[in-house]
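Here are the chains, one letter per residue:
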Amino acid sequence: MKNLFKSIALIAVFAILITSCSKKNDQPADQEVKTEQKDKVLAYIKNLGFTDAQIVDKGDRYVVDGDMVVDKNMEIPADNGMPKTEQYYNGYLVTNSNNILVKVDASITSMAAEINAAIAQWNAVPNSKIKFVLTTGSTYDILIKVDNTIGASVCGQAYLSTSNGKAGSVVWINQALIQGNSFAQRTRTITHEFGHTISFKHTNQSTTINVPGVGGTDALSLMNGGQCGSGATVLSAKDKLATAALYPL
Ligand SMILES: [Zn+2]
């Protein structure tokens, strides 16, 4: 009887050891991989010129300078975000197509007029080959949708363009927050977020990549950050020059 007890006790101990070993081997390994990728992306964002104070950890993504979204699973480019050259962009142009397909999510169909007006602004830029094109199909580059939970004072958010030449894939609009703004200001928010999807960063931010020949400050820039409800409602002369410089005909 004593022996039986001993055996049972030993088996129990082994079972616990085996369980705890396999747990130790599984979990930390997974977490380590995630942490490493996360840290690489963080380093990449800092290489683009952002400070810790401008970067907010939001679970599966980082939100940079209020409204620019970078996925933690993003593929880090070989140059790790170092400028290719010197209004400001992230260094990654949309190259997979000159026609960027935009799908309007059912959540935001009530803002179709604002979306159309925003698209018309980008598409009217002289000497620029990049065009936003609405689609109702299942293949698209950008999904625009309502998300009223992105932040109490965040009017919109967008993914930046990616190192593999694609437009930022999602634009989130805080409709609850901007519905009291004028039509022109609501359109501004959408135009601004579309700008991020094709690589533009905030013009009023000093440590980023100048668009060649179009650097410097521009109070009239629609890509100035932190001006929801009060900023420029039309692309400035320099915004247009910058777009044409990045996406020449
Ligand atoms: Zn912005």
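Residues numbered from 1 in each chain as written. Predicted model: local features only at pLDDT ≥ 70, side-chain atom pairs only at ≥ 80, totals over all residues. Heavy atoms only, no water.

As named in an unreviewed UniProt entry, the protein is Dual-action HEIGH metallo-peptidase, taken from Pedobacter steynii.

Chemist: Teacher, can you tell me more about helix H4 (residues 183-197) here?
Modeler: Count 3.6 residues to each turn of an α-helix, and residues three or four apart come out pointing the same way. Taking 1.5 Å of rise per residue, the 15 residues of H4 would be expected to cover 21 Å, and the 22 Å separating its terminal C-alpha atoms lies within 8% of that figure. The buried fraction of H4 is high, at 13 of 15 residues. (Helix = DSSP H or I, 4+ residues; strand = E, 2+ residues; numbered from the N terminus. Expected span 1.5 Å × (residues − 1). Buried < 20%, exposed > 50% of the residue type's maximum accessible area, 1.4 Å probe, protein only.)

Chemist: What is the right way to read the state of the cysteines from this model?
Modeler: Every disulfide links exactly two cysteines, by a covalent bond between their sulfur atoms. Going through the model one piece at a time under the given rule, you end up with 1 disulfide. Paired through a disulfide, Cys-155 and Cys-228 show a sulfur-sulfur distance of 1.9 Å. Here the disulfide of Cys-155 and Cys-228 is left-handed, its torsion about the S-S bond being about -95°. Of this pair, Cys-155 sits in the loop between strand S7 (142-146) and strand S8 (156-159) while Cys-228 sits in the loop between strand S10 (209-210) and helix H5 (237-246), placing them 73 residues apart in sequence. (Disulfide = S-S within 2.5 Å.)

Chemist: Just to check I follow, could you spell out the packing of helix H2 (residues 112-123) against H4 for this structure?
Modeler: Helix-helix packing is described using two parameters, namely the angle between the two axes and the distance between the axes. Packing of H2 against H4 brings their axes to within 8 Å, and their N-to-C directions diverge by 55°. Our classification of the angle between H2 and H4 gives oblique. At the point where H2 passes H4, the crossing takes the right-handed sense. Facing Ala-113, Glu-114, Ile-115, Ala-117, Ala-118, Ile-119, Gln-121 and Trp-122 of H2, the residues of H4 in contact are Phe-183, Arg-186, Thr-187, Ile-190, Thr-191, Phe-194 and Gly-195. Tallied by class, residues from the contact of H2 with H4 come to 9 nonpolar, 4 polar and 2 charged. (Axes fitted to C-alpha atoms, helices over the stretch in contact; angles between N-to-C directions. Parallel < 35°, antiparallel > 145°, perpendicular 65-115°, else oblique. Left-handed = near helix turned anticlockwise from the far one by under 90°. Contact = heavy atoms within 4.5 Å. Nonpolar A, V, L, I, M, F, W, Y, C, P; charged D, E, K, R; others polar.)

Chemist: How should I be thinking about the coordination of the zinc ion in this particular structure?
Modeler: The expected angle between donors at a tetrahedral four-coordinate metal is 109.5 degrees. At an octahedral six-coordinate metal it is 90 or 180 degrees. The protein atoms that coordinate the zinc ion are Asp-67 (OD), Asp-67 (OD), His-192 (NE2), His-196 (NE2) and His-202 (NE2), at distances of 2.0 to 2.3 Å. The class of His-196 is buried, set by a relative accessible area of 0%. The class of His-202 is buried, set by a relative accessible area of 2%. (Donors = N, O, S within 2.8 Å, 3.2 Å for Na, K, Ca; no water.)

Chemist: For this particular structure, what's the right way to read the sheet that holds strand S3 (residues 68-71)?
Modeler: In a beta sheet, neighbouring strands pair by backbone hydrogen bonds and run either parallel or antiparallel. Taken together, the 8 strands give an open sheet; going across it, the order is S1-S2-S3-S8-S9-S7-S5-S6, and neighbouring strands pair in mixed fashion. Unpaired on one side and paired on the other, strand S1 (55-57) and strand S6 (131-135) mark the two borders of the sheet. Each strand of the sheet is rotated relative to its neighbour by a mean of 25°, with strand direction disregarded. Here 3 bridges tie strand S5 (residues 99-104) to S7, and the two strands are oriented parallel to one another. (Pairing = 2+ DSSP bridges.)

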